[in-house]
Amino acid sequence: MEELEVLNSEQHRALRLRSDATRLHFVPIVVSEFSVAATCCPIMLAKDPENGRFYAAAMLGFKPGENLLAEDAGAKLTFQPLDVERQGFFTSGENIAVDMKHPRISETNGEPLFDESGEPTDVLRRIQKALGLLVAGNEATQSFIKTLVDFRPVEPIDISLKFDDGENSRLDGLYT
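Residues numbered from 1 in each chain as written. Predicted model: local features only at pLDDT ≥ 70, side-chain atom pairs only at ≥ 80, totals over all residues. Heavy atoms only, no water.

Draft legend 1. View of the overall build of the chain. Helix and strand counts for the chain come out as 4 helices and 11 strands. In terms of overall dimensions, the chain has a C-alpha envelope of 50 × 40 × 30 Å along the principal axes. For the chain, with 176 residues in total, the buried portion stands at 36%. Within the chain, contacts between residues separated by at least 24 positions form 64% of all contacts whose residues are at least 6 apart in sequence. With an accessible surface of roughly 10,800 Å², the chain has 50% of that area assigned to carbon and sulfur atoms. Positive and negative charge centroids in the chain, built from 18 and 29 side chains respectively, lie 2 Å apart. (Helix = DSSP H or I, 4+ residues; strand = E, 2+ residues; numbered from the N terminus. Buried < 20%, exposed > 50% of the residue type's maximum accessible area, 1.4 Å probe, protein only. Contact = heavy atoms within 4.5 Å. Areas by Shrake-Rupley, 256 points an atom, 1.4 Å probe, with all protein chains shown as cover. Lys, Arg positive; Asp, Glu negative; His and termini not counted. Charge placed at Lys NZ, Arg CZ, Asp CG, Glu CD.)

Draft legend 2. Quick peek at the packing of aromatic side chains. In this structure the tally under the stated criterion is 4 aromatic pairs. Ring geometry for F34 versus F144: centroids 5.6 Å apart, planes at 75°, classification edge-to-face. Linking F34 in helix 1 (residues 34–37) with F144 in helix 4 (residues 122–151), this pair joins segments that are 110 residues apart in sequence. Under the relative-accessibility criterion, F34 is labelled buried at 17%. (Phe/Tyr/Trp six-rings, centres within 6.5 Å; stacked < 30°, edge-to-face > 60°.)

Draft legend 3. Geometry of the pairing of strand 7 (residues 95–99). Most of strand 7 sits out of view: 4 of its 5 residues are buried. Relative to strand 7, strand 1 (residues 4–6) is paired through 3 bridges, and the arrangement is antiparallel. Within strand 7, the position partnered with V6 by the bridge is A97. Where strand 6 (residues 89–92) folds back on strand 7, the antiparallel hairpin that results is connected by 2 residues, among which G93 adopts a positive phi of roughly 65°. (Pairing = 2+ DSSP bridges.)

Draft legend 4. Fine view of the pattern of salt bridges. By the definition in use, this model includes 7 salt bridges. Ionic pairing is found between E3 and K101, a salt bridge with its closest N-O pair at 3.6 Å. Residue E3 is located in the segment before strand 1, and its partner K101 is located in the loop between strand 7 and strand 8 (105–106); the two are separated by 98 residues in the primary sequence. In this structure, D150 and K146 form a salt bridge, with 2.7 Å as the shortest nitrogen-oxygen distance. (Salt bridge = Lys/Arg side-chain N within 4 Å of Asp/Glu carboxyl O.)

Draft legend 5. Here's a closer look at the sheet that holds strand 6. Sheet architecture is open: 3 strands sit in the order 1-7-6, paired in antiparallel fashion. Each end of this open sheet is capped by a strand with a single partner; those strands are strand 1 and strand 6. Adjacent strand axes in the sheet meet at a mean angle of 35° when their direction is disregarded. Helix-sheet contacts for helix 4 involve strand 6 and strand 7, and the interaxial angle to strand 6 is about 55°. (Axes fitted to C-alpha atoms, helices over the stretch in contact; angles between N-to-C directions.)

Draft legend 6. Helix 4, seen in detail. For helix 4, built from 30 residues, the straight-helix expectation of 44 Å at 1.5 Å per residue is met to within 8% by its first-to-last C-alpha distance of 42 Å. Largest kink in helix 4: about 35°, centred on G137. Turning to helix 4, its buried residues number three or more, namely V123, L124, I127, A130, L131, L134, G137, T141 and I145. Phi turns positive one or two residues past the end of helix 4, at R152, with a value near 65°. (Expected span 1.5 Å × (residues − 1). Bend = angle between axes of the 7 residues up to and from the residue.)

Draft legend 7. How the structure looks around the nonpolar core. I29, L45, L60 and F79 are the most contacted members of the largest nonpolar core, which has 16 residues in total. Those elements that provide at least two residues to this core are helix 1 and strand 5 (54–59). Broken down by element, the residue count for this core peaks at 3 residues, all from strand 5. When residues no more than four places from it in sequence are discounted, the contact partners of F79 are I29, E33, V36, A37, C40, C41, A58, L60 and L69. The next biggest cluster of nonpolar side chains, apart from the first, holds 13 residues, and it includes F89, V123, I127 and L131. (Core = buried A, V, L, I, M, F, W, Y, C linked by side-chain atoms within 4.5 Å.)

This is how it looks when you write it as structure tokens:
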């Protein structure tokens, strides 16, 4: 469960960001990320279970906890989804909120969010930039998806996979 607090340099000066990011296999992306994402992973549509609206996402793996980009140094350098970069951080009006229970947040391990004088470090600046790009890209992405839905090229896709080790996987709820 999230425990959000508005981030400030005095109260959160000791916070650090751990580099062992959550390994997400299906990550929401915005239109501005499409061209880079498409070079290393499929882009699919899915429906948000809470509101039934379509969203675009990069498929980074075939099952929860699997991120094939994280295992490929070249791909990881090519594409780092904004949503992965901001994990543990959210917008709260004009402010940034931090999820104090998120596994990336620590007071002992990782890179500091603030320097000794209370100024944001490069780590926090990357998070600020990611959040800004996500907020700015959300409207364009929703408009793009609405256009796709209006012109009806969106279709459900069934994906069944069989791996060399005998494992089978079925990916449901995806659209192309």
